[in-house]
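Geometric and topological summary
Below are the chains, spelled out letter by letter.
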Amino acid sequence: MKIKVKLIVTSLVLTFSMGIFSSQLFAQQESSLIADKGGKFHIGSSVMVGTTLLKSGMYKVQHVMDSNDHVLVFRIIRMNKYKNPMGNEWLGEEVARVKCTTEAASKKWRHTKLIVVCSASGQRVVEAVQIAGENVLHKL
């Protein structure tokens, strides 16, 4: 009987301590969204890009030059309403255009990746973007 009580108490203590430590890990969470070779990516839940809130859906990100400014352009990808397995999709309108700064990287990126952090208010925010084939990090 005493062994069962010790086992239950030990289990409760371990579960409680794991809950405390895991909450601190989630508070400082950084994640990334990986895009395909063409820069297309899927957002499962809303994310801020500059001052624009991107809702869940498919998007494409591109790096362009506007005069001497580096700019990231986000466009929505429209899907066929019949969800054809052949992937009938087309590039929709521009939903965000954000100026960015560049930071040199030691290598060319193999994949396009959006680096997402959680703000103090709990909102997911795109902090930086890596564009496949470029050797710079685009910081928003």
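Cut-off values and rules
Residues numbered from 1 in each chain as written. Predicted model: local features only at pLDDT ≥ 70, side-chain atom pairs only at ≥ 80, totals over all residues. Heavy atoms only, no water. Helix = DSSP H or I, 4+ residues; strand = E, 2+ residues; numbered from the N terminus. Buried < 20%, exposed > 50% of the residue type's maximum accessible area, 1.4 Å probe, protein only. Contact = heavy atoms within 4.5 Å. Polar contact = N/O pair within 3.5 Å; in protein donor to acceptor, adjacent residues only side chain to side chain. Salt bridge = Lys/Arg side-chain N within 4 Å of Asp/Glu carboxyl O. Pairing = 2+ DSSP bridges. pLDDT = per-residue confidence, 0-100.

Quick notes on the environment of Glu 94
- By the secondary structure assignment, Glu 94 is in strand 7 (residues 89–104).
- Owing to a relative accessible area of 37%, Glu 94 belongs among the partly exposed residues under this scheme.
- Linking Glu 94 and Val 73, residues 21 residues apart in sequence, is a C-alpha distance of 7.0 Å.
- Non-local contacts of Glu 94, meaning those with residues more than four positions away in its chain, are made with Val 73, Phe 74 and Arg 75.
- In terms of polar contacts, Glu 94 uses its side chain to reach the side chain of Arg 97, at 3.0 Å.

Structural notes on the pattern of salt bridges
- What the rule picks out here adds up to four salt bridges.
- The residue Glu 93 makes a salt bridge to Arg 78 at a minimum N-O spacing of 2.5 Å. Separated by 15 residues along the polypeptide, Glu 93 in strand 7 and Arg 78 in strand 6 (residues 69–79) bring together distant segments of the chain.
- Accessibility expressed as a relative area gives 41% for Glu 93, which makes it partly exposed.
- The partner of Glu 94 in a salt bridge is Arg 97, with the nearest N and O atoms 3.0 Å apart.

A word on the pairing of strand 9 (residues 124–130)
- Pairing geometry for strand 8 (residues 113–118) and strand 9, over six bridges, is antiparallel. The partner of Leu 114 across the bridge, within strand 9, is Val 129.
- Between strand 8 and the antiparallel strand that follows it, strand 9, lie five residues; Gly 122 among them carries a positive phi value of about 95°.
- The pairing of strand 9 with strand 10 (residues 136–139) spans three bridges and is classified as antiparallel. Across the sheet, the residue bridging to Gln 130 is Leu 137, located in strand 10.
- Hairpin connection from strand 9 to strand 10: five residues lie between these consecutive antiparallel strands, with Gly 133 at a positive phi of about 90°.

Points about the environment of Leu 53
- As for its placement among the helices and strands, Leu 53 is situated in strand 4 (residues 52–54).
- C-alpha separation for the pair Leu 53 and Val 125, spaced 72 residues apart in sequence, amounts to 9.0 Å.
- Ignoring sequence-local partners within four residues, the contact set of Leu 53 consists of Ser 46, Val 47, Met 48 and Gln 123.

As for the confidence of the model for the protein
- On average, residues of the protein carry a pLDDT of 80, and 74% of them reach 70 or more.
- Across residues 20–28, where pLDDT falls below 50, the model places zero contacts with residues more than four positions away in sequence or in other chains.

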